[in-house]
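Listed here are the chains, written in short residue letters.
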Amino acid sequence: MACLALAVTGYVMLMTHPRLYWGEVGNSLTPALLELPISRNHQHGGWQGQEAILDGDPSVISANRTFEIFNQNGWGRSLHFLAAWIAVLTGLGYLLAGVMSGHFRRHVLPPTAHLGPRHVWVDLTRHLRLQVPRATGGPDYGLLQRVAYSVVLFVALPLAVVTGLAMSPRVTAAVPALSSLFGGFQSARTIHFAAFVVLTLFTLGHVFMVATTGFTRHMRGMTIGEKR
Amino acid sequence: MTRRLFSRRAALVTGLAGAGGYLLTRNLGQLPPTYGHILRMADNATYAAHRALLSDESLVREYTHGDISSFPAIGTTNPADAGRSGSELFSTLQRNAFADWRLSVEGLVARPMTVSVADLKRMPSRTQITRHTCEEGWSAIAEWTGVPLGRILDAAGILPEARWVNFKTYDDWADSIDLIDALHPQTLLAYGMNGRDVTVPHGGPVRLRVERQLGYKSLKFIRTIVVSSTFDDGGKLGSIQNGWSWYAGI
């Protein structure tokens, strides 16, 4: 629930300014790394009063925005942070439990011996032919499954949280290293978006696999427990 | 095994929750109203967590002259033609290059006062090159020169029961900050931008800089400052009733 709210509100916020940059600075008067055609704000409605605002550098300009933009960030941001509080607190609980119970070590992290090209190739070709073993209903995860879960749990999710904090003016004032770690505010915003893309693709893949490998059994396993 | 894990986890969770609860209530006075709205409660949780966990004194990064960037002017770009209650007055002041502009400092202060732009320019100033982070997602770097708000409040003599500093602007915005942000050394009443006077599109003659919050807290076209002991949401002119978080330190 919280992650869905994060994804939706994050997307709404991106619609307000659908341009991504690298470094500290990026705005409609500077070049973008990537422009996403996802809202009417994507195409600028025009400027007036353009003027140079720094002696000795005519490329530093100011201009007045003359058009109303799409902006639903008021509730969007507040809901994003409400969901973030819930996701981070429950996520920490899950990580703690996963480490202490040995769940991560035994069931999630791929065994190093299996990370060789042969094992990966076998599991990969099987997945591509959709010859995936039926659900076992328990944490007896396959190799690709373990790799995907590990990337999500130990790379994408933590990165989303940390880049999120790196965009906060209050947090980076207290912990400046957080911002410089990613090369600046706009870089952190771009990486935050990349983490969103990875997590969304994972979720789509995950739901696809659940649906194709025994939907009812999975749903039972995830909620009321395995049928004995 | 399962039993032991649970008791250990319970112990940890209880300990963390206890420590969190202690930190959150420590030194935490009044919070902005939530009106029973869950989003406003989340805003307050972030505000309380920042105040409890992060140093009040920390400064935002200051950049070099070479980092100064282009800077879009958004929102009201001239209160004179914004059709607001302050429009006519602003237009009169603008015609005279703001020589008659006066800022009034009132409320819970020992010596209520009014200052002109020239008065501000005579006071000890601070110049800082900082990043403006707009809630929309863009950012820009500029050099700001102005009087630290703390100096003005010192000159006016804030009374012991003071808790909030409220601002009203010529384009009819009302917003407030707490004393921690008001007395922060980088919080300025800025009259200079990139070595020139702040232009009207960027909030001239005098705008606020609240560097540890998003751009919308750095109000443009400052008109009055009122120091208060109780929280004023600014009514229809304030951020909260327009659906925006009062605290934007994110």
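Check the entry above for the structure.
What comes next concerns the included structure. (Residues numbered from 1 in each chain as written. Chains lettered and ligands numbered in written order. Predicted model: local features only at pLDDT ≥ 70, side-chain atom pairs only at ≥ 80, totals over all residues.)

As for unusual backbone geometry
Residues and elements named next belong to chain B. Here is the rule: Strands are runs of DSSP state E lasting at least 2 residues, helices are runs of H or I lasting at least 4, and numbering of each runs from the N terminus. To sort residues by exposure, count the other C-beta atoms lying within 10 Å of each residue's C-beta; 20 or more gives buried, 12 or fewer gives exposed, and values between give partly exposed, all with C-beta atoms placed from the backbone.
Of note, the bond from Gly204 into Pro205 is cis; its omega dihedral lies within 30 degrees of zero at 10°. One non-glycine residue, Ala97, lies in the positive phi region at around 55°. Mapped onto the elements, Ala97 comes out in the loop between α3 (87–95) and β2 (103–107). On the basis of neighbour counts, which here come to 11 C-beta atoms within 10 Å, the residue Ala97 falls in the exposed class. For Asp172, which is not glycine, the phi torsion reads 65° and is therefore positive.

A look at the packing of helix α2 (residues 73–101) of chain A against helix α2 (residues 38–53) of chain B
Our working rule: Only the stretch in contact is used when fitting a helix axis, every axis being a line fitted to C-alpha atoms; angles between N-to-C directions are given from 0 to 180 degrees. Reported orientations rely on four angle classes, namely roughly parallel under 35 degrees, roughly antiparallel over 145, roughly perpendicular from 65 to 115, and oblique for the rest. A clockwise turn of the near helix away from the far one marks a right-handed crossing, whereas an anticlockwise turn of less than a right angle marks a left-handed crossing. Throughout, a pair of residues is in contact if the C-beta atoms placed from their backbones lie within 7 Å.
Interaxial distance between α2 of chain A and α2 of chain B falls to 9 Å at its minimum, and their mutual angle equals 65°. On the basis of their axis angle, the class for α2 of chain A and α2 of chain B is roughly perpendicular. Handedness of the α2 of chain A/α2 of chain B crossing: left-handed. Where α2 of chain A approaches α2 of chain B, its residues Trp75, Ser78, Leu79, Phe81, Leu82 and Trp85 of chain A are matched on the opposing element by Ile38, Leu39, Ala42, Asp43, Ala45 and Thr46 of chain B.

Concerning the interface of chain B and chain A
As a reminder of what qualifies: Throughout, the ten residues Ala, Val, Leu, Ile, Met, Phe, Trp, Tyr, Cys and Pro are labelled nonpolar, Asp, Glu, Lys and Arg are labelled charged, and all others, Gly among them, are labelled polar.
In this assembly, 49 residues from chain B lie in contact with 45 residues from chain A. Of all the secondary-structure elements, those providing two or more residues to the side of chain B that touches chain A are α1 (2–25), α2, β1 (71–73), β4 (126–133) and β5 (139–148) of chain B. Residue contributions to the side of chain B that touches chain A peak at 7 residues, all from α2 of chain B. The residue inventory of the side of chain B that touches chain A, partitioned by class, reads 22 nonpolar, 18 polar and 9 charged.

Details of the sheet that holds strand β6 (residues 164–169) of chain B
Residues and elements named next belong to chain B. Filter applied, for reference: Two strands pair under a simple rule: DSSP has to find at least two bridges between them.
The strand order across the open sheet built from 5 strands is β3-β2-β11-β6-β7, with neighbouring strands paired in mixed fashion. On the outer flanks of this sheet lie β3 (113–115) and β7 (174–178), each paired with one strand and no other. Each neighbouring strand pair of the sheet contributes to a mean axis angle of 20°, computed without reference to strand direction. With 4 bridges connecting them, β2 and strand β11 (residues 222–228) associate as parallel partners. If you follow Val105 over to β11, its bridge partner there is Ile225.

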